[in-house]
Amino acid sequence: MAEFDLIAQYFTRPGLPGLNPADLGVGDDAALISVSPGHQLAISADMSVSGTHFFSEADPYAIGWKAMAVNVSDMAAMGAKPKWATLSIALPEINGEWLSAFSQGLFACADTFGVSLIGGDTTRGPLNIAINIFGEVPVGKAIRRDGAQAGDDIWVSGTLGKAALWLQHRLGKLDLDLVDVTNFAVAMHQPQPRAALGLALQEIVHAALDISDGLLADLSHILKASGKGAQLDWAALPKPELLHSSLPLTDIQQAVLAGGDDYELCFTASPRRRDEVLALANTLELPLSRIGTITEAPGLRVLNGETAIELSQKGYLHFD
C-alpha cells in the first residue's frame, strides 16, 4: 500500500459536526488554521513508543485512544480548548487490521474532545506514534506552572495510582486480584483527559499541570517554576480502592505518589476559592481532592500523620 493510500484509507475523514475543521486539512503540504479573535494558540507534542509507553501486544484501539488522550490532557492543563492535531506514525509493516483498530481508537478520543486530525506523516520503522496538538485559549488566560502562591491549596482530580498498580502487576512486581486488575486496566489504557475541568479552572487557579510522570515529580515542576515548596497530607490523597487485593502500604504510596500515567490535573488555588472548586466537582461529577498547601519555604514533604513519607523514586525517569 502506498503512503497516500494508507493515509486516505485510515486517517482521512470528512468534517464531522461538533469538530473544529481546519481551513485546509489532510492532503496538502501544510494545514491552514484560523485562530479565533482574542485567542492564543496552545501547542503541545507527545510521543508514544512501542516497548516504552505501551506493550507491543497491546490493543491497538487502546493505543490510538491513549495517544490522543495524553495530548488532550496537556491542553486541559493549560486551560485551553483542544481543536486540531497532527499525527506522525512509523510502522514496521502495513497491517490493515491493526491500523483499522488504531484509527478507530484515535478518532474515538478525538471526536469525544472535539479534535480534528489535520495532517501528519507516515513512514516505515519501529512502531512510534507522535502527535502534535493545537488548542485555543483567550489571551492572558492560559494556566501556567509558575503562578503558585504561598498559602494556596493544592488539588487533584480523580484518583491516583490505578494505572501504576496495573503496570506493576503486568510486570510481575505486584500480585493483584483479577477484579482489581480489570478495574485498573481502564485507567492505564483509556485515560480520561480533564478537558472540561481545565476550561472551568481558567478564572480560579494560580497554577496547574497534568500528572503523567507521577504526582511528586510533576508537582515539583510547579514548585520550581513558582519558586515555592509544598506539604502534602497522605490521608487526603485520593487512593484507588483495592476490592480483592492486599498490598503493603509502601507499594500503594509508591503508586499514588510517584506511579504516573494518571492524566489527572493537579492545580493550586487560593483558599478563598474552595467553594468554587467544590461546586465544580459537583457540576462536573468529578472528585476534586484538596491534598496539601503551597509553602514559601522550598522542598516537598508528604506527611502520614506526623511521619514523613520517603520514596526511593519520585516519578518516572525517561532516561533511567
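Residues numbered from 1 in each chain as written. Predicted model: local features only at pLDDT ≥ 70, side-chain atom pairs only at ≥ 80, totals over all residues. Heavy atoms only, no water.

1. What about the packing of aromatic side chains?
Taken as a whole and judged by the stated rule, the model has two aromatic pairs. Relative to phenylalanine 102, the ring of tryptophan 98 has its centre 5.0 Å away and its plane inclined at 10 degrees; by these criteria the two rings are stacked. In this pair, tryptophan 98 and phenylalanine 102 are both assigned in helix H3 (residues 96-112), four residues apart and thus about one turn of the helix distant. For the pair tryptophan 98 and phenylalanine 102, one class covers both residues: buried. Here the guanidinium or amino end of lysine 239 rests over the ring plane of tryptophan 234, the centre of that ring lying 4.7 Å away. (Phe/Tyr/Trp six-rings, centres within 6.5 Å; stacked < 30°, edge-to-face > 60°. Helix = DSSP H or I, 4+ residues; strand = E, 2+ residues; numbered from the N terminus. Buried < 20%, exposed > 50% of the residue type's maximum accessible area, 1.4 Å probe, protein only. Lys NZ or Arg CZ within 6 Å of the ring centre and 35° of its normal.)

2. Focus on the pairing of strand S2 (residues 81-91)
Among the eleven residues of S2, eight are classified as buried, and the element is accordingly described as predominantly covered. Bridge count for S2 against strand S3 (residues 116-124) is eight bridges, and the pairing is parallel. Its bridge partner lying in S3, leucine 87 is registered against glycine 120. Chirality of the crossover, the property in question, places the unit of S2, H3 and S3 among those that are right-handed. (Pairing = 2+ DSSP bridges. Right-handed = clockwise from strand over helix to strand, strands pointing away.)

3. Let's talk about the UniProt feature "binding site: Mg(2+) 4" (unreviewed entry) in the protein
Feature annotation in UniProt assigns "binding site: Mg(2+) 4" (unreviewed entry) to the following positions: Asp29, Ser44 and Asp74. For the annotated residues, spread through 46 residues, the largest C-alpha to C-alpha distance comes to 26.3 Å, inconsistent with a single compact locus. When you line up the elements, serine 44 lands in strand S1 (residues 39-49). Setting aside chain neighbours within four positions, we find serine 44 in contact with Asn71, Asp74, Met75, Ile131, Asn132 and Ile133. A polar side-chain atom of serine 44 sits 3.0 Å from a polar atom in the side chain of aspartate 74. With respect to the element layout, aspartate 74 can be found in helix H2 (residues 60-78). Note on aspartate 74: relative accessible area 17%, which makes it buried. In contact with aspartate 74, other than residues within four places in its own chain, are Ser44, Asp46 and Asp210. (UniProt positions renumbered as here; feature names shortened; annotations may be inferred. Contact = heavy atoms within 4.5 Å. Polar contact = N/O pair within 3.5 Å; in protein donor to acceptor, adjacent residues only side chain to side chain.)

4. Observations regarding the sheet that holds S3
Taken in spatial order, the four strands of this open sheet run S1-S4-S2-S3, and their pairing is mixed. In this open sheet, the two edge strands, each paired with only one partner strand, are S1 and S3. Each neighbouring strand pair of the sheet contributes to a mean axis angle of 15 degrees, computed without reference to strand direction. Across the sheet, H2 is in contact with S1, S2 and strand S4 (128-138); its angle to S4 comes to roughly 30 degrees. Against the sheet, H3 touches S2, S3 and S4, its axis set at about 165 degrees to S2. (Axes fitted to C-alpha atoms, helices over the stretch in contact; angles between N-to-C directions.)

5. A closer look at the nonpolar core
Of all hydrophobic cores here, the largest spans 38 residues; its most connected members are Leu215 and Leu257. At the level of secondary structure, the elements contributing two or more residues to this core comprise strand S5 (153-157), helix H4 (162-170), helix H5 (178-189), strand S6 (207-210), helix H7 (215-226), strand S7 (229-233), helix H8 (249-258) and strand S9 (288-295). Judged by nonpolar contacts, the second largest core, of 33 residues, contains Phe11, Ala58, Ala67 and Trp98. (Core = buried A, V, L, I, M, F, W, Y, C linked by side-chain atoms within 4.5 Å.)

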